[in-house]
Amino acid sequence: MATGNKTGQVTEKKLLLGNEAIAVGCIDGGVKFAAAYPGTPSSEILQTIAAKSKQYDVVTEWSTNEMVAFEKAMGYSLCGMRSMVSMKHAGLNWVADPFSVAYLGGVVGGVLVITADDPNCHSSANEQDNRFYGLFFETLVLEPSSPLEAKEMAKQSFAISEEIEMPVIMRSVTRVSHARSGVEDAAAYYPSLEGNFVPNRDRYWISSDRSLRRHRLVHERQALMQEIGARSGLNRYSNVDADTCIIASGVAWQYVSDVLDGTGLTGKVSTLKLGVVQPVNEDVINRALSEHDQVIIIEEGEPFVELQVRALSSKLEHHSHIYGRHDGAVPYCGELTYERVQDVLAQILNIEDPVTSENAELRSSLKEELDQISPGRGMFYCAGCPHNATSYVLSEITRKMDKKPPIAGDIGCYVLAAMPPYNLGDVKYSMGASISVASGLSEALGRKAVALIGDGTFYHAGMPGMLNASYNGANIVVLIVDNATTGMTGGQPNPGTGSRADGSPAREIKLEDVVSTFKPDSLDVVDAYDLEATREALSKAFDTPGVAVVITRQRCAMEYVRDKRKMGEAIVQYRVDPEKCTACMRCVRRFNCMAISKEEDLMVIDDTCMGCGVCALVCPSDAIERVEGGSQ
Amino acid sequence: MSLEEFNIIVAGVGGQGNIRAARYLAEVAIKNREETIVGETFGASQRGGSVRSHVRFGVKARSPLVPKNKCNLVLGLEPLEAVQCCLEYLAPNGLAIVNTSPVFSTEVKAGKASYPQIEQLQSILERLTENVICLDATAIAQEVGNTMAMNTVILGALSSTGILPMFKDDLKQVVVGGSPKAFKSLNEKAFQRGLESGRVVCSGQ
């Protein structure tokens with residue numbers, strides 16, 4: 001469908017990812033600085049803006065972490081330039097510290113903080129509901145329900161931010177950020193601005209007396225936020241003169257709409273769709289409560305809107321019954337689905353979608369039959385992953401120890417060391433926790449503990465723990481697995497890779513240089529595919545009291561393969577010599593590569609082999625050899 | 001011409017071009033001015049886990065996941081994944097187009113578990129629905145020149161069914177048009193072979 005935009009161009013609707021739509025919305029809203037740290041499900045936002053950075057004159061960067069990204073964005077904002085910071089939910093925990101003071105002074109150029117939450121923790125360690133940060137810091141929170149709405153909200157957010165003089169938070173979730181639908185892929189072009197800094201210590205240099213004054217001011221601004229919520233057009237109240245009103249925000253609105261259609265209730269219950277969820281608009285909530293006997297609140301995450309609605313209801317004389325999570329009507333934990341929302345309405349309104357219970361018995365018995373014969377489908381390292389080789393050696397060495405050292409892991413592809421056959425890893429929390437947790441473990445136990453951390457994670461969060469280990473002492477092996485990329489999130493650059501978000505070259509800040517600065521008791525750098533060298537380095541590290549660092553380094557296998565394919569170059573592979581193979585299965589039982597499987601009585605290497613050669617080193621029968629030529 | 005609601009799930013494992021196939025379907029719909037939403041579920045797909053792309057068309061399809069029992073079409077890029085998906089989502093009269101070539105998980109490859117016989121899987125599927133098209137799309141893609149074209153073969157088979165007019169008319173153009181230059185000719189052949197194979201079904205009809 002073609003429509004015109006500001007520049008008069010006619011544009012077609014394109015299939016856009018929610019994050020791509022958000023990126024376009026930011027550009028269309030006049031963003032001039034965009035910063036982020038990779039984090040699922042947010043990474044594509046910055047990637048998309050970066051790809052368009054030259055066309056639209058937007059400075060983009062992968063900052064070393066989210067806290068830095070936000071602080072830098074404030075620098076731009078104070079000079080009058082609109083800026084955006086995006087992250088997964090955990091990133092906002094990092095941003096919280098500078099935000100907690102910066103919000104008091106406020107913004108000049110609008111600031112949008114985008115948090116892409118992960119209900120059901122598909123790609124995260126937890127499913128925290130970041131809308132609460134908006135309540136905590138008394139700022140406006142927008143919650144889009146679709147890619148199209150996310151684009152529109154992102155665009156509007158900068159003007160709103162400037163009106164309230166505070167950063168605005170937009171809370172997306174996986175089902176919006178990673179959904180695709182037809183959206184216009186067009187944004188207006190805003191030429192580069194020259195930053196202008198007007199000193200204002202009262203706002204920007206937050207001392208405690210100023211802080212109190214500003215805090216009072218921020219609180220008084222809530223009235224303005226109420227007004228903005230009302231005139232934004234982002235809340236939609238449809239009163240059909242019914243007993244029941246359903247209040248829904250974000251993607252929950254889509255499930256509600258579909259369930260109402262599926263149960264024949266469309267037009268028979270009232271609905272209130274909220275787009276501004278902090279603060280919720282008091283007027284419309286009061287109307288919904290006064291005009292209905294019961295209100296059902298459906299939202300993704302925690303009872304955030306619900307808490308506000310219950311608080312508001314206590315001020316009213318008419319009390320309609322409120323259904324939500326607090327009274328057990330809506331389940332806690334895990335994400336919403338059509339079926340979950342349907343169950344809620346079925347319980348309260350005694351109605352259901354006839355289709356969902358069709359031939360339930362047949363399905364259930366067939367499922368049982370299938371379960372009996374289905375193998376699992378676990379995840380594992382990609383064929384050729386250097387972390388696989390490192391995990392193999394670590395497993396080999398620690399298996400022989402009487403007292404196995406506890407292993408604190410971190411966030412990255414190497415968490416797969418916890419999978420069989422290695423089963424390595426005892427504690428895993430958040431970015432950078434490995435080194436400090438290992439330090440604590442080592443002191444409490446009086447012996448070595450291991451920290452397993454990747455290059456990307458180290459640059460993000462590993463340094464404080466590393467410095468503390470050296471300064472306060474610890475007895476740890478710090479095993480840094482360096483695949484020269486931020487891999488788990490799709491392969492973004494970091495300070496060690498020599499390139500930046502927009503593709504421009506960057507200073508290479510080598511891991512070993514950073515680590516040496518912290519004066520470890522030993523430091524070795526080895527080729528991750530060289531099992532013998534890794535063995536030597538790790539054994540030495542375990543025998544070195546204090547902070548012993550080993551960096552195992554080799555390029556991410558996926559990136560290697562991607563590049564080879566792009567250049568049309570052949571990938572050298574390995575094959576099993578059927579004469580020599582005894583099918584001892586060490587290559588999949590002690591080591592494990594996804595390219596190797598057992599066929600009849602022999603091991604076979606398939607086409608996903610990328611030629612790392614580690615299996616050849618593992619094989620006790622010398623039965624694996626390199627093949628010249630290889631496939632495409 | 002607007003659809004009210006039509007639901008598709010592309011079920012497979014990581015690395016099979018699942019998301020790309022789903023995108024092509026969605027692009028055909030957008031071209032035909034249908035409301036479209038695509039959602040995904042995955043278990044670390046890059047590293048061998050399950051992938052399902054939910055593709056929904058129509059004015060009554062707003063949430064990004066297909067409701068259970070309401071999936072009109074399952075494209076199974078992998079047989080076990082296909083059957084598991086159908087049992088959960090396929091509508092009683094829904095159509096399943098299934099590639100019979102399995103992808104073994106690490107458990108199976110390491111000899112810790114065994115993969116079911118394809119006949120067993122077919123038997124379970126056929127008790128759920130009469131509308132099944134089975135084909136060894138991987139073998140066909142291999143014949144055409146590259147197993148990576150398996151998803152295109154399946155899309156060709158879909159095109160032959162005429163289940164939605166727009167898939168008959170526009171799908172090939174979107175697939176070939178959207179292919180990287182180096183793979184255009186391969187995909188054109190793969191699509192054609194899928195189209196021809198789709199006309200030979202393995203169950204009833």
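What counts and how
- Residues numbered from 1 in each chain as written.
- Chains lettered and ligands numbered in written order.
- Predicted model: local features only at pLDDT ≥ 70, side-chain atom pairs only at ≥ 80, totals over all residues.
- Heavy atoms only, no water.
- Contact = heavy atoms within 4.5 Å.
- Buried area = accessible area lost by both parts, 1.4 Å probe.
- Salt bridge = Lys/Arg side-chain N within 4 Å of Asp/Glu carboxyl O.
- Helix = DSSP H or I, 4+ residues; strand = E, 2+ residues; numbered from the N terminus.
- Nonpolar A, V, L, I, M, F, W, Y, C, P; charged D, E, K, R; others polar.
- Phe/Tyr/Trp six-rings, centres within 6.5 Å; stacked < 30°, edge-to-face > 60°.
- Lys NZ or Arg CZ within 6 Å of the ring centre and 35° of its normal.
- Buried < 20%, exposed > 50% of the residue type's maximum accessible area, 1.4 Å probe, protein only.
- Arc of directions from axis to C-beta.
- Pairing = 2+ DSSP bridges.
- Axes fitted to C-alpha atoms, helices over the stretch in contact; angles between N-to-C directions.
- 1 Å grid on protein atoms, 1.4 Å probe; cavity = no way out; pocket = protein on both sides within 12 Å on 5 of 7 lines; lining within 4 Å.
- Points joined across faces, edges and corners; volume = space filled by probe spheres on them.
- pLDDT = per-residue confidence, 0-100.
- Parallel < 35°, antiparallel > 145°, perpendicular 65-115°, else oblique.
- Left-handed = near helix turned anticlockwise from the far one by under 90°.
- Core = buried A, V, L, I, M, F, W, Y, C linked by side-chain atoms within 4.5 Å.

Q: An account of the interface of chain A and chain B is needed here, citing residue identities and associated values.
A: The interface is formed by 59 residues belonging to chain A together with 63 residues belonging to chain B. With both chains or domains summed, chain A and chain B bury close to 5,100 Å², and 57% of this area falls on carbon and sulfur atoms. Contact with chain B buries area across many residues of chain A, yet Arg180, Arg363 and Arg377 of chain A alone supply 16% of it, more than any other trio. In this structure, the connection of chain A to chain B is made through eight salt bridges. We note a salt bridge from Lys109 of chain B to Asp606 of chain A, for which the minimum N-O separation is 3.5 Å. For the side of chain A that touches chain B, the elements supplying multiple residues, two or more each, are β3 (13–17), β10 (180–184), α12 (252–262), α15 (338–349), α16 (360–373), α23 (586–589) and β24 (596–599) of chain A. With seven residues, α16 of chain A is the largest single contributor of residues to the side of chain A that touches chain B. Tallied by class, residues from the side of chain A that touches chain B come to 26 nonpolar, 17 polar and 16 charged.

Q: Please provide a residue-by-residue account of the packing of aromatic side chains, values included.
A: Residue and element names in this part refer to chain A. Throughout the structure, instances matching the rule amount to 15 aromatic pairs over all chains. Among the aromatic residues, those joined into a ring-pair cluster are Phe70, Phe99, Tyr103, Tyr133, Phe136 and Phe137. Taking the ring centre of Tyr189 as reference, the NZ or CZ of Lys32 above it sits at 5.9 Å.

Q: Go over helix α5 (residues 137–144) of chain B with me, naming the residues and quoting the values.
A: Residue and element names in this part refer to chain B. Within the span of α5, buried status applies to Ala137, Ile140, Ala141 and Val144. For α5, the buried positions fall inside an angular range of 100° around the axis, keeping them on one side. Exposed residues on α5 whose side chains face more than 90 degrees from its buried face are Gln142 and Glu143. Next to the buried residues of α5 lie β5 (90–99), β6 (132–135), α6 (150–161) and α9 (184–198).

Q: How would you summarise the sheet that holds strand β14 (residues 276–278) of chain A if you had to cite specific residues and measurements?
A: All names here are of chain A. A sheet is described by the order of its strands in space; here seven strands give the open sequence β5-β4-β6-β7-β9-β8-β14, paired in mixed fashion. Either end of the sheet is taken by a strand with one partner, and the two such strands are β5 (59–62) and β14. Where strand β6 (residues 83–88) lies against strand β7 (residues 111–117), six bridges are found, and the strand directions are parallel. Opposite Ser83, over in β7, you have Val111 as the bridge partner. Running at roughly 170° to β6, helix α4 (residues 66–78) makes contact with β4 (33–36), β5, β6 and β7 of the sheet.

Q: Account for helix α1 (residues 18–28) of chain A, naming residues and giving values.
A: Residue and element names in this part refer to chain A. Burial runs high along α1: ten of the eleven residues are buried. Considered for burial, the residues of α1 that qualify are Gly18, Asn19, Ala21, Ile22, Ala23, Val24, Gly25, Cys26, Ile27 and Asp28. Count one or two residues on from α1 and you reach Gly30, which has phi positive near 90°.

Q: Describe in detail empty space enclosed by the protein, supporting the description with residues and values.
A: Residues and elements named next belong to chain A. Across all of its chains, the model carries five cavities of 30 Å³ or more by this definition. In this model, the largest cavity occupies a volume close to 120 Å³. Together, 17 residues line the largest cavity, and Gly384, Cys593, Cys609, Cys612 and Cys615 are the ones closest to its centre. Looking at the second largest cavity, its volume works out to about 90 Å³. In terms of residue class, the lining of the second largest cavity is built from eleven nonpolar, two polar and one charged.

Q: Residue-level account of the sheet that holds strand β12 (residues 244–249) of chain A, with values.
A: All names here are of chain A. Strand order in the open sheet formed by five strands is β11-β13-β12-β15-β16, and the pairing between neighbours is mixed. Lying at the two open borders of the sheet, with one neighbouring strand each, are β11 (236–238) and β16 (321–323). When the angles between neighbouring strand axes are averaged without regard to direction, this sheet yields 15°. Each of β12, β13 (270–274) and β15 (294–298) touches α12; the most contacted strand, β12, lies at about 140° to it.

Q: So, the confidence of the model for chain B: which residues are in play, and what are the values?
A: Residues and elements named next belong to chain B. Per-chain confidence: chain B averages 91 in pLDDT, with 94% of residues scoring 70 or above. The spread of mean pLDDT over the elements of chain B runs between helix α3 (residues 106–109), the lowest at 85, and strand β4 (residues 71–76), the highest at 98. Across the predicted assembly, pTM comes out at 0.95 and ipTM at 0.94.

Q: How would you explain the environment of Val218 of chain A if you had to name every residue and give the values?
A: Topologically, Val218 of chain A is positioned in helix α10 (residues 208–220). Apart from residues no more than four positions distant in its own chain, Val218 of chain A is found in contact with Tyr103, Leu104, Glu138 and Met166 of chain A.

Q: Quick rundown of the packing of α12 of chain A against α15 of chain A? Include the residues and the values.
A: All names here are of chain A. Direction vectors running N to C along α12 and α15 enclose 60°, while the axes themselves pass 9 Å from each other. Looking at the two axes, α12 sits oblique to α15. Considering the relative orientation of α12 and α15, their crossing is right-handed. Note on element contacts: α15 touches α12 through Tyr338, Val341, Gln342 and Leu345, opposite Tyr255, Val256, Asp258, Val259, Leu260 and Gly262. When grouped by side-chain class, the residues that make up the contact of α12 with α15 number seven nonpolar, two polar and one charged.

Q: Describe the nonpolar core, and please don't skip the residues or the numbers.
A: Residue and element names in this part refer to chain A. Core analysis: the largest hydrophobic core is formed by 104 residues, its most contacted members being Cys26, Met84, Ile285 and Ile298. Ranked by residue count, the leading element in this core is helix α5 (residues 89–105), at seven residues. Ignoring any residue separated from it by four or fewer positions in sequence, one finds Cys26 in contact with Val31, Ile49, Met84, Leu112, Ile114, Ala154 and Phe158. Ranked by size, the runner-up nonpolar core spans 77 residues in total, among them Ala417, Val477, Val526 and Met610.

Q: Now, about the confidence of the model for chain A: what can you tell me, with residues and values included?
A: Within chain A, residue pLDDT values average 94, and 98% of them lie at 70 or more. Within the model, pLDDT remains below 50 along residues 1–8 of chain A, and this stretch shows 18 contacts once partners closer than five positions in the same chain are excluded.

Q: Mind laying out the environment of Phe380 of chain A, listing which residues take part and the relevant values?
A: Residue and element names in this part refer to chain A. Its location among the elements puts Phe380 in the loop between α16 and α17 (386–399). Given the relative accessible area of 1%, Phe380 is considered buried. For the pair formed by Phe380 and Ala417, sequence separation is 37 residues and the distance between their alpha carbons is 8.6 Å.

Q: I'd like a description of the packing of helix α1 (residues 18–31) of chain B against α6 of chain B, backed by residues and values.
A: Residues and elements named next belong to chain B. Two numbers describe how α1 lies on α6: the axes approach to 10 Å, and their chain directions differ by 35°. Between α1 and α6 the crossing geometry is right-handed. Of the residues in α6, those touching α1 at Ala21, Tyr24 and Leu25 are Asn151, Leu155 and Leu158. Among the residues forming the contact of α1 with α6, the class breakdown is five nonpolar, one polar and no charged.

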